[in-house]
Amino acid sequence: MSSIKKYNERDFIKLREAGKLAAIALDSIKDKILPGITTQTIDEIIRKFLRDHNAYPAPLFYRGYPKSICTSINHVVCHGIPSDKELKNGDILNIDVTAYLDGFHGDCSKMFCVGDISVKAKNLINVTKECLNRSIKILKPGIHFGNIGHVIQSFAEEKGFSVVREFCGHGVGEKFHEEPNVLHYGNKNEGPVLEEGMVFTIEPMINEGKFETKVLKDGWTAVTKDKSLSAQFEHTVGITNNGYEIFTLNKN
């Protein structure tokens, strides 16, 4: 029997609320992503938004992390720390938001374009988003977690990109991070089997160049070793009796 926590329908109600709030917070910032804005300002806007909606930004002080969101620019793969550095035309930016609301977490991220970006950056972003979408579409009880990684890796590599190995998705719910680790590469029919009630993130990080990364001296910021561009999209999903539900959608 799997040791991965399973959530019930009452939990799913709260997961929907937390997930939707995180998605709305991400959408609320899109018109402000312009040359000249700092990632510190974005952090402050989203922190206030979550607090105004009775939620807490889960990353804040988590394992010593100093800010409320992660902002990863260009060759930063993940866990970029908001700062006073201004965004400039042509930058690509991942913003990762986790709302903690009424005892449950909603965790999501997506890419934003600053002004006019290059064709190669657009292609990377589109492929990364498609990697996430394709991996979600296969979800249902009875498949293996390895199938998720296989779908992502196959598509990304077919398009000439690489999949980051050092970071992965994770179980999420009452805790910010719990079992299982959700790898974004791998083989079909390997790993634990999906069961109804499991809740986790899928958050592929796709690089324009090689997949190797390194963490900077701040202990958080992960970058591509070859300084190539990186992109990421993330949703929190729950497994239902015959498929899946995406919690981190901004549904009206």
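Cut-offs applied
Residues numbered from 1 in each chain as written. Predicted model: local features only at pLDDT ≥ 70, side-chain atom pairs only at ≥ 80, totals over all residues. Heavy atoms only, no water. Pairing = 2+ DSSP bridges. Helix = DSSP H or I, 4+ residues; strand = E, 2+ residues; numbered from the N terminus. Axes fitted to C-alpha atoms, helices over the stretch in contact; angles between N-to-C directions. Core = buried A, V, L, I, M, F, W, Y, C linked by side-chain atoms within 4.5 Å. Buried < 20%, exposed > 50% of the residue type's maximum accessible area, 1.4 Å probe, protein only. Contact = heavy atoms within 4.5 Å.

Engineer: How do you make sense of the sheet that holds strand E12 (residues 222–224) when you look at a structure like this?
Structural biologist: The sheet built from 3 strands is open, its strands ordered E3-E12-E11 with antiparallel pairing. Looking at which strands have only one partner, the edges of the open sheet turn out to be strand E3 (76–78) and strand E11 (213–215). When strand polarity is set aside, the average angle formed by the axes of neighbouring strands in this sheet is 40 degrees. Looking at chain direction, E11 and E12 are connected through 3 bridges and run antiparallel. Paired with Lys-214 across the bridge in E12 is Val-223.

Engineer: Where do I start with the nonpolar core in this structure?
Structural biologist: The nonpolar side chains of soluble globular proteins are, as a tendency, buried together. The biggest cluster of nonpolar side chains holds 32 residues, and the ones touching the most others in it are Ile-92, Leu-139, Phe-145, Ile-148, Phe-200, Ile-202 and Ile-206. Residue assignment for this core shows that the elements contributing at least two residues are helix H3 (119–137), helix H4 (145–158), strand E9 (199–202) and strand E14 (235–239). Ranked by residue count, the leading element in this core is H3, at 7 residues. With residues near it in sequence (within four places) discarded, Ile-92 still touches Ser-72, Ile-73, Asn-74, Met-111, Phe-112, Ile-117, Ala-121, Leu-124, Ile-125, Leu-229 and Ser-230. By size, the runner-up hydrophobic cluster in this structure holds 24 residues, among which are Ile-33, Ile-37, Ala-55 and Leu-101.

Engineer: So what exactly am I meant to see when it comes to the sheet that holds strand E10 (residues 205–207) here?
Structural biologist: Hydrogen bonds between backbone groups are what pair the strands of a sheet, and the pairing can be parallel or antiparallel. Pairing within the open sheet is antiparallel, and its 3 strands lie in the order E6-E10-E13. Of all the strands in the sheet, just strand E6 (162–163) and strand E13 (230–232) have a single pairing partner and so form its edges. Bridge count between E6 and E10: 2 bridges; the pairing is antiparallel. Each bridged residue has a counterpart across the sheet, and for Val-163 the counterpart in E10 is Ile-206. Across the sheet, H3 is in contact with E10 and E13; its angle to E13 comes to roughly 35 degrees.

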